[in-house]
Structures are given as structure tokens and as C-alpha cells.
Amino acid sequence: MNTTAKKIDLDSNAHTGGVFARLESDVRSYCRSIPLLFEKAVGAELVDADGNVYLDFLAGAGSLNYGHNNPVLKEALMEYIGADGIAHGLDMHTAAKKRFLESFHERILQPRKLDYVTQFTGPTGANAVEAAIKLARKVTGRETIIAFTNGFHGVTLGALSLTGNRHHRDAAGIAMNGVVRMPFDGYLGDDVDTLDYLEKALDDPSSGVGHPAAVMVEAVQGEGGLNVASDAWLKRLEEICRARDILLILDDIQAGCGRTGTFFSFEPSGIRPHMVTLSKSLSAFGLPFALLLIESELDEWEPGEHNGTFRGNNHAFVTAAAALEHFWATPDFAQDVKRKAGILRSRLEDIVDASALDLRIKGRGLMTGIACPDGEIAGAICRAALERGLVIETSGSFDEVVKCLPPLTISDEELDRGLAALTASFEVVASELTQNAQGAAS
Ligand code: PLP
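Quick caveat: nothing in here was measured; it's all calculated off a predicted structure. (Residues numbered from 1 in each chain as written. Predicted model: local features only at pLDDT ≥ 70, side-chain atom pairs only at ≥ 80, totals over all residues. Heavy atoms only, no water.)

Q: An account of the overall build of the chain is needed here, citing residue identities and associated values.
A: Helix and strand counts for the chain stand at 14 helices and 17 strands. Taken against the 2.2 N^0.38 rule, which gives 22 Å for 442 residues, the C-alpha radius of gyration of the chain at 22 Å falls within 12% of a compact globule. Along the longest, intermediate and shortest principal axes, the C-alpha atoms of the chain span 65 × 60 × 45 Å. Across the 442 residues of the chain, 52% fall into the buried class. Sequence separation of at least 24 residues holds for 73% of the intrachain contacts in the chain that already meet a minimum separation of 6. Accessible surface, the chain as shown: approximately 19,600 Å² in total, 51% of it carbon and sulfur. (Helix = DSSP H or I, 4+ residues; strand = E, 2+ residues; numbered from the N terminus. Rg over C-alpha atoms; globule rule 2.2 N^0.38 Å. Buried < 20%, exposed > 50% of the residue type's maximum accessible area, 1.4 Å probe, protein only. Contact = heavy atoms within 4.5 Å. Areas by Shrake-Rupley, 256 points an atom, 1.4 Å probe, with all protein chains shown as cover.)

Q: Explain the environment of Arg142 to me, and be specific about the residues and the numbers.
A: As for its placement among the helices and strands, Arg142 is situated in the loop between helix H6 (125-140) and strand E5 (145-148). Under the relative-accessibility criterion, Arg142 is labelled buried at 17%. The contact partners of Arg142, leaving out residues within four places of it in the chain, are Arg137, His211, Pro212, Ala213, Asp245 and Ile246. Engagement of the side chain of Arg142 in a polar contact is seen with the backbone oxygen of Pro212, the distance being 2.7 Å. Only 3.0 Å separates the side chain of Arg142 from the side chain of Asp245, close enough to count as a polar contact. (Polar contact = N/O pair within 3.5 Å; in protein donor to acceptor, adjacent residues only side chain to side chain.)

Q: Before we move on, could you go through helix H9 (residues 195-203) and cite the residues and values that matter?
A: For an α-helix, the turn length of 3.6 residues means that residues three or four places apart are oriented alike. Taken as a whole, H9 has its buried residues at Leu195, Leu198, Ala201 and Leu202. The arc that holds every buried residue of H9, seen down its axis, measures 125°, which confines them to one face. Elements in contact with the buried residues of H9: E5, strand E6 (179-182) and helix H10 (231-243). (Arc of directions from axis to C-beta.)

Q: Just give me the short version of the layout of surface pockets, but keep the residues and values in it.
A: Which parts of space are left empty comes out when a probe the size of a water molecule is rolled across the atoms. Its volume calculated, the second largest pocket comes out at about 500 Å³. For the lining of the second largest pocket, the secondary-structure elements that each account for two or more residues are strand E9 (227-228) and strand E13 (360-364). When residues of the lining of the second largest pocket are assigned to their parent elements, the largest contribution, 4 residues, is made by E13. (1 Å grid on protein atoms, 1.4 Å probe; cavity = no way out; pocket = protein on both sides within 12 Å on 5 of 7 lines; lining within 4 Å. Points joined across faces, edges and corners; volume = space filled by probe spheres on them.)

Q: Break down the nonpolar core for me, with residues and values.
A: Phe100, Phe104, Leu237, Phe264, Leu278 and Leu422 are the most contacted members of the largest nonpolar core, which totals 92 residues. When residues of this core are assigned to their parent elements, the largest contribution, 9 residues, is made by helix H11 (residues 314-327). Apart from the residues within four sequence positions on either side, Phe100 is in contact with Phe120, Leu282, Phe289, Leu291, Phe317, Ala320, Ala321 and Leu324. Of all hydrophobic cores here, the second largest spans 22 residues; its members include Ala132, Ala136, Leu162 and Trp301. (Core = buried A, V, L, I, M, F, W, Y, C linked by side-chain atoms within 4.5 Å.)

Q: So what about the pairing of strand E2 (residues 45-48)? Which residues, and what values?
A: Side chains Leu46 and Asp48 of E2 all project onto a buried face; the interleaved residues Glu45 and Val47 project onto a face where none is buried. Looking at chain direction, strand E1 (residues 38-42) and E2 are connected through 4 bridges and run antiparallel. Its bridge partner being in E2, Phe38 is matched across the sheet by Asp48. Where E1 folds back onto E2 in an antiparallel hairpin, the turn is made up of 2 residues, including Gly43, whose phi is positive at roughly 60°. Alignment of E2 against strand E3 (residues 53-56), held across 3 bridges, turns out to be antiparallel. Bridge pairing links Glu45 to Leu55 in E3. Hairpin remark: E2 followed by E3, antiparallel, with 4 residues in the connecting loop; positive phi at Gly51, about 85°. (Pairing = 2+ DSSP bridges.)

Q: Can you explain the site of the ligand? Please cite residues and give values.
A: By nearness alone, every residue bordering the ligand is listed as Thr124, Gly125, Ala126, Phe152, His153, Gly154, Glu218, Glu223, Asp251, Ile253, Gln254 and Lys280. One of the side-chain N or O atoms of Asp251 is found 2.6 Å from a nitrogen atom in the ligand. In isolation the ligand has 390 Å² of accessible area, and contact with the protein removes 82% of it. Along the lines of polarity and charge, the residues of the shell around the ligand split into 3 nonpolar, 5 polar and 4 charged. (Near = heavy atom within 4 Å. Nonpolar A, V, L, I, M, F, W, Y, C, P; charged D, E, K, R; others polar.)

Q: Quick one: what's the story with the sheet that holds E6, residue by residue and with numbers?
A: Strand order in the open sheet made by the 7 strands is E4-E12-E11-E10-E7-E5-E6, with mixed pairing throughout. Single-partner strands in this sheet number two, and they are strand E4 (116-120) and E6. Pairs of neighbouring strands in the sheet enclose a mean axial angle of 25°, with direction left out of account. Judged from the 2 bridges that link them, E5 and strand E7 (residues 214-217) form a sheet pairing that is parallel. Paired with Ile145 across the bridge in E7 is Ala214. In the packing of H10 onto the sheet, contacts are made with E5, E7, strand E10 (247-251) and strand E12 (291-295), and the angle to E7 comes to roughly 165°. (Axes fitted to C-alpha atoms, helices over the stretch in contact; angles between N-to-C directions.)

Q: I'd love a proper account of empty space enclosed by the protein, names of residues and values included.
A: For the structure on display, the rule yields 1 cavity of 30 Å³ or more. Taken as a whole, the largest cavity holds about 50 Å³ of empty space. Lining the largest cavity are Tyr66, Phe100, Phe104, Cys257, Phe263, Ser281, Leu282, Ala320, Ala323 and Leu324. If you list the elements that add at least two residues to the lining of the largest cavity, you get helix H5 (95-109) and H11. At 3 residues, H11 tops the list of elements feeding residues into the lining of the largest cavity. Of the residues in the lining of the largest cavity, the class split is 9 nonpolar, 1 polar and no charged.

Written out as C-alpha cells, the structure reads:
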């Protein structure tokens, strides 16, 4: 395996003739740390314009669980387009939507005994979050939503009010009301059950926390730094909500669709949220697509009350249904994800054990990573990885977590290759830091 570094010009104009710097808004982000020009992608591999191949441990920030251009999904989509299948149908009945609803019911909801109706929202994750909080407020007649430290739910104004990240919040330009922030599991250390505070605040009439409409939570916080809520914590959160007539909304936009080893990230805890948001890998092909699952009796929407032009994406219905039928018909796929997650964790443990740096494993399933001492070190490791042919990014309050998010379909050989590059990247950055420290001391 090749873990040697290749000189990559990290000047963002070097590979693009300055086109993006000149013509695209300064708001662009991932392309700054990964300033290449990509042309093709298959499975877990990306190919740049010079023909260089990169392993993808970013996977569209969790939107490509089944890899790039998965052949099963590509064939289904090409066949559909070739037969002049409906591309856009507003929210009218289409054969593609019917098939998706039936497949989702049969493969996902029914086996888990989940009694949800499906609302197709606008196509991004934030659209599903907006719909969830609006419905929670409508159904309960209350305003406050409880959100958690390090939670990330999107950047449209309603979703942003729930998102913790200051960089994103500072861009709001307006007060974001109606949200009370509570500490996520582990926020105050392993010895503190943060739900003691939530429960006390809810029951104390002088706490300043009114009766909320809903609680919005991720079972595994993706952007917030791979923080995992324990099953016991989630179970207790559900009990607290149900005992006080508060709706529990599970944001499974990043951790769902098999990423943690089960279709829904909350399955191991046994909780039954009132609503669930899904997006990212739901289309299975990287197509924009989001939905909100709603307990049937909470579906109090009037027709068209929450609408939008792009509710349900017919091409995404086709690829999503194909993925459900291909990957979720038997337990084999989920078991294989768990097996690969075991390999990932054990190799990350090897990195942590061997390193002179103060490192810590975080996350669950195939969204597991390593917390570094700071964001600068994590960024340097990601740059070293890119030079070794691995696309990988950071998350966390200080961008300090190197986050492995490979496609769930990655082969063992590719996983091994990517982890070898990552191991070499940790080694090289640690040794540079040691050399710098020695240089400064002498
Ligand atoms: N919720 C979670 C848990 C997410 O991770 C994200 C995006 O990363 C969102 C919501 C927002 O999704 P989108 O960026 O598609 O609006």
C-alpha cells in the first residue's frame, strides 16, 4: 500500500485556473481544505482532473452511504429516465413515489413496528427540520424547542436556532427565539447525567424554562464532534418527554440510513420518537431528498399548509427504493456495516495507542473518528491524509475531531488502504510536532 505523500498544491486556484475564486461566492467551504478539481467517482473512490485517485472518507458528508454511482442504483435511475419517467411532479401521485412509500413501509417501518406517516419536505435536511419544529409548535400550541449543546440541525433560520455552532449562528443577523439549550449526554463529563438538569428545569416553575413543545436530538452528533448519546440517556430522555407531554424529535439526517449499523441510529436504545427527520443518504445516490416521519395521530397539517415546489424528488424516489430493496431486504447489509465498523474502531485504537499525542476515539459505527488536542492538529492530519490520497474532514466545536465517514459499501481492501494513509498521517504530524517542540527548546 502506498502511504507516501504526494505534493499537492493547496492553493485553491492551482487546480482550477481561479474560476471558483472569481465566480463562486466566498461562502464555499469544503473546497478550501480539499482544493482539487474532481471529475469522476465510483464507489469509495474519487478521481481528479489529472487522473489521481482519492479514497473518500467524507462521502458527501454522509450523503453517499452506498458509494458514488452505485451500479444498482445507477441502472435503476438510467432505466427510469430512459423510459421518460416523471422527473418533477410537484406532490402529485407518481408511480416512483408509490414504489418508494411501499418499499419504505415494507422494508423499514413495518419490521420495526413504527407507525409513521411520511411528509416529503423540501429536499435538504434543514427543510425536514423546519417542518418538524413547525408541526411540533402547531400540534402542541407551545413555542419552546429544547436543543442540545453541539447539536447541528442545519442553517436555515428555524434549523439554525437549534444548531449550536457559533460560526453558523453568528451569520443569522436576527435574534433566534423559541429555543432552550440543554447539555447533551457527556457534556459535563462521564460522571454527570445531564438529564438531571433537564428534568429539574422542566419541573421547577422558577427555572425560566417554560413547557416546551418538543425536544430535538441527534443520537450521534455528526457535525458536533461524533458525540454519542448512550442508550440509557436516550431512554430516559424519552421517558422525561412522554411524562410531560413533550414531543421527541430525532434528527437522523446524518446518523441514519445505516450509518451507525442500524437503519435508524436510535434503534439500539429502543426509543420511539414522535417524529424523525431523514435526508443525506436517503436518496442513496447523492440526490437531494428529505422527509419527516410523523406519528400518525400528530399529522395535523391542513392540505398544503406547509408546502414547497420540490417536495419529493422522483429521481430520488427511484434510487431510494432501489437501495431499500437491494440493501435492506435482509439483515446482511447492516451486519456487514457493523463488521466494518469493528475494523475501523480497532485500527483507530491502534493509532491512539501508538501516538505520543493525546488522542481519543469518538463516534459509533461507520461514523467514528479521533479527537485531537486541537483543530490545528486535526486540520494538519487531514491535509497529510489528502497528500496520501485520502479525502477526510474534521468536525467538533473546535474542528478537532478527524471524522471517518466512508461509504458503507467500502471494500475491506479500500478501508485498509484508507486507514493505512490515516495512520501515516497521524504519525507524520506527531513527529513534525515533536521536531518543532525540540527545535523551540534548543
Ligand atoms: N441535521 C443533521 C444532523 C445534519 O448533520 C445536517 C447536515 O449536516 C442537517 C440537519 C442539515 O442538513 P442540510 O445541510 O441538508 O440542510
